[in-house]
Amino acid sequence: MDVVSDALLWLNDPLNWTGRRGVLALAGEHLLISVAAVALAAVVALPIGIWLGHRRRGGAVTVVVANTSRALPTFALLTIFASAGLFGGSATTLAVAIFAVPPILTNAYTGVLEVDADVRDAARGMGMSAWTSLRRVELPLALPLIGAGLRTAAVQVVATVPLAAFVGGTSLGSLIASGLALQRYGEVLAGGVLVAGLCLAVEGVLAGAQHALTPRPMRRRAVRESA
Amino acid sequence: MRVSAGAGTFAGMIPVRALRAATEPANPWLSWDYVTRNQDDLVRALSQHTTLTFQAVAIALVLALPLGALAHVRPRLAGPLVGTAGVLYTVPSVALFAILAPWTGIGRTTVLIGLVTYALLVLLRNIVVGLAGVDPAVRDAARGLGYGRMRLLLTVELPNALPAIVAGVRLATVTTVALVTVGVVVGYGGLGQLMFRGFRSRYHAEIMTATLLCLALALVCDLVLYAAGRAIAPWSRAGRTA
């Protein structure tokens, strides 16, 4: 196929990898935006989710947040933020961060909520305050699920960032956007493969990290909820 | 002298800026005027969006039902099937459209293939989970009555898994409605097309109207499917399984 050889040719050209708009720089930018977005979402969603789970309230809120975010197109939020006067990078980060909130929120909430009531009782019976019980008992037990939520969010963010290339954000998606604009389909194909590869790599690395960081007896629980 | 000249130019700039602010047309996010004037465009985009969604979910369902049943009847195939689905699901839609575009071209076919792929994964997962969640006692009872594997699947397990399957269809439909907008990448994104046009021409009302229509479409589809699920499986409240 002509396009495939074009794509291979493009990928084999070292000039396409280095430089200010090279693959490496774009991938760096891509990951930078992703990290910023996940961090932003975590700062907002983790305390709320943990607190709601600890107080055993707000289940309806998390469900509504999750369902609305499913129906709201990412592309809509990207165009809204981009035309509201935010610059490429910050508009992308903000829009993508909003979509990273639901998985983090839901998993933090479920994780803390599902801590065995007997364990909580035992902690309080030992004289722990609510805060100490949360910090020393409930949070450690909820960590596998919280980690799974962060991983889901991170993979989703890395997958969503390329879309922002069409409204001015810089990432590996820029290759696809410019390739389509110039009708250079080899470049489009190369960009698609690179984006897909990055996402699969991030998913693999995070899955490995999660597995390594989870204490052995708690691994089953994390696997069950990570989907 | 110099001071007055500076003040002069500075004073001279103010009217220009004020004039520009005054002549710059208002750019509200919500405008009924936009809706009435662009009714044809909106209807066209909405119908494109709706037909794409229905087509994608219908095709995905036709493919997912036998695949899900196969994964259920042959548990050894379940792992690879759902695993492959998971890997495909990780590939972002933008990348999938970009990989497909050179072959299937710019337009409806490419978007449809992408949408079917993602809906298929959501449906497959829910069907497998739903079939696995059938009460073992019910299955045992049917087997005790002499039901064969096929009859058990078609007359006992599938009806029992119906609420979970309906939940899967609802989930797939809502996500597909949102995903259609990504079709702008290959120039066929339904309401996403309007969002993109609004972004390029800095027309806020166009972006917002398309966004709200998208949300409304998702909500209406979800409610209709919920009602349909209640109608075909009245014995159970259609609960979300996955």
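Residues numbered from 1 in each chain as written. Chains lettered and ligands numbered in written order. Predicted model: local features only at pLDDT ≥ 70, side-chain atom pairs only at ≥ 80, totals over all residues. Heavy atoms only, no water.

K.L.:
Quick one: what's the story with the packing of aromatic side chains, residue by residue and with numbers?
P.N.:
Per the stated rule, a full pass over the model turns up 2 aromatic pairs over all chains. Residues Phe75(A) and Phe196(B) carry aromatic rings whose centres are separated by 6.0 Å and whose planes lie at 55° to one another, so their mutual orientation is tilted. Pair noted here: Phe75(A) is in helix α4 (residues 74-83) and Phe196(B) is in helix α9 (residues 191-200), and the two residues belong to different chains. The pair Phe75(A) / Phe196(B) is uniform in exposure class, with both members buried. With 6.3 Å between their ring centres and 15° between their planes, Phe196(B) and Phe199(B) make a pair best called stacked. Of the two residues, Phe196(B) and Phe199(B) both sit in helix α9, 3 residues apart, roughly one turn of that helix. Comparing Phe196(B) with Phe199(B) shows no difference in burial state: the two are buried. Directly above the aromatic system of Tyr147(B) lies the positively charged group of Arg151(B), at a separation of 4.0 Å from the ring centroid. (Phe/Tyr/Trp six-rings, centres within 6.5 Å; stacked < 30°, edge-to-face > 60°. Helix = DSSP H or I, 4+ residues; strand = E, 2+ residues; numbered from the N terminus. Buried < 20%, exposed > 50% of the residue type's maximum accessible area, 1.4 Å probe, protein only. Lys NZ or Arg CZ within 6 Å of the ring centre and 35° of its normal.)

K.L.:
Which residues make up the side chain of Asn126(B), and what values do they have?
P.N.:
Residue and element names in this part refer to chain B. Note that Asn126 resides in helix α6 (residues 108-132). The buried category is assigned to Asn126, whose relative accessible area is 2%. A distance of 3.2 Å separates a polar atom in the side chain of Asn126 from the backbone oxygen of Ala164. (Polar contact = N/O pair within 3.5 Å; in protein donor to acceptor, adjacent residues only side chain to side chain.)

K.L.:
Lay out the packing of α4(A) against helix α10 (residues 204-232) of chain B in plain terms, naming residues and giving numbers.
P.N.:
When two helices pack together, their arrangement is given by the angle between the helix axes and by the axis-to-axis distance. Relative orientation of the contacting elements α4(A) and α10(B) amounts to 160°, with a least axis distance of 10 Å. Taken together, the axis directions place α4(A) and α10(B) in an arrangement best described as roughly antiparallel. The handedness of the crossing between α4(A) and α10(B) comes out as left-handed. Where α4(A) approaches α10(B), its residues Ala76(A), Thr79(A), Ile80(A) and Ser83(A) are matched on the opposing element by His204(B), Ile207(B), Met208(B) and Thr211(B). When its residues are assigned to classes, the contact of α4(A) with α10(B) shows 4 nonpolar, 4 polar and no charged. (Axes fitted to C-alpha atoms, helices over the stretch in contact; angles between N-to-C directions. Parallel < 35°, antiparallel > 145°, perpendicular 65-115°, else oblique. Left-handed = near helix turned anticlockwise from the far one by under 90°. Contact = heavy atoms within 4.5 Å. Nonpolar A, V, L, I, M, F, W, Y, C, P; charged D, E, K, R; others polar.)

K.L.:
For the state of the cysteines, give the residues involved together with the corresponding values.
P.N.:
Should the sulfur atoms of two cysteines be covalently bonded, the bond is a disulfide. By the definition in use, this model includes 0 disulfides over all chains. Cysteine Cys221(B) remains unbridged, with the sulfur of Cys214(B) as its closest cysteine sulfur at 10 Å. (Disulfide = S-S within 2.5 Å.)

K.L.:
Tell me about the UniProt feature "domain: ABC transmembrane type-1" (unreviewed entry) in chain B, and name the residues and values.
P.N.:
When the UniProt feature table is mapped onto this chain, "domain: ABC transmembrane type-1" (unreviewed entry) is found at residues 46-225 of chain B. Secondary structure within residues 46-225 of chain B divides into 86% helix and 0% strand; the distance between the first and last C-alpha atoms comes to 19 Å. (UniProt positions renumbered as here; feature names shortened; annotations may be inferred.)

K.L.:
Give me the interface of chain B and chain A: which residues, what numbers.
P.N.:
Taken together, the 33 residues of chain B in the interface contact 33 residues of chain A. Of all residues in chain B, Thr90(B), Trp103(B) and Phe199(B) bury the most surface against chain A, accounting for 18% of the area lost on that side. Between the two partners, chain B and chain A, sit 0 salt bridges. Across the chain B-chain A interface, the total number found is 1 residue pair in polar contact (both at pLDDT 80 or more). Of all the secondary structure elements, the ones that give two or more residues to the side of chain B that touches chain A are α4 (75-90), α5 (93-104), α8 (149-180), α9 and α10 of chain B. (Buried area = accessible area lost by both parts, 1.4 Å probe. Salt bridge = Lys/Arg side-chain N within 4 Å of Asp/Glu carboxyl O.)

K.L.:
An account of the environment of Ala164(A) is requested, with residue identities and associated values reported.
P.N.:
All names here are of chain A. Topologically, Ala164 is positioned in the loop between α7 (130-160) and α8 (173-181). Each C-alpha atom, one on Ala164 and one on Ala95, is 9.1 Å from the other, the two residues being 69 residues apart in sequence. If near-sequence neighbours (up to four positions away) are discounted, Ala164 is found in contact with Leu78, Thr92 and Gly169.

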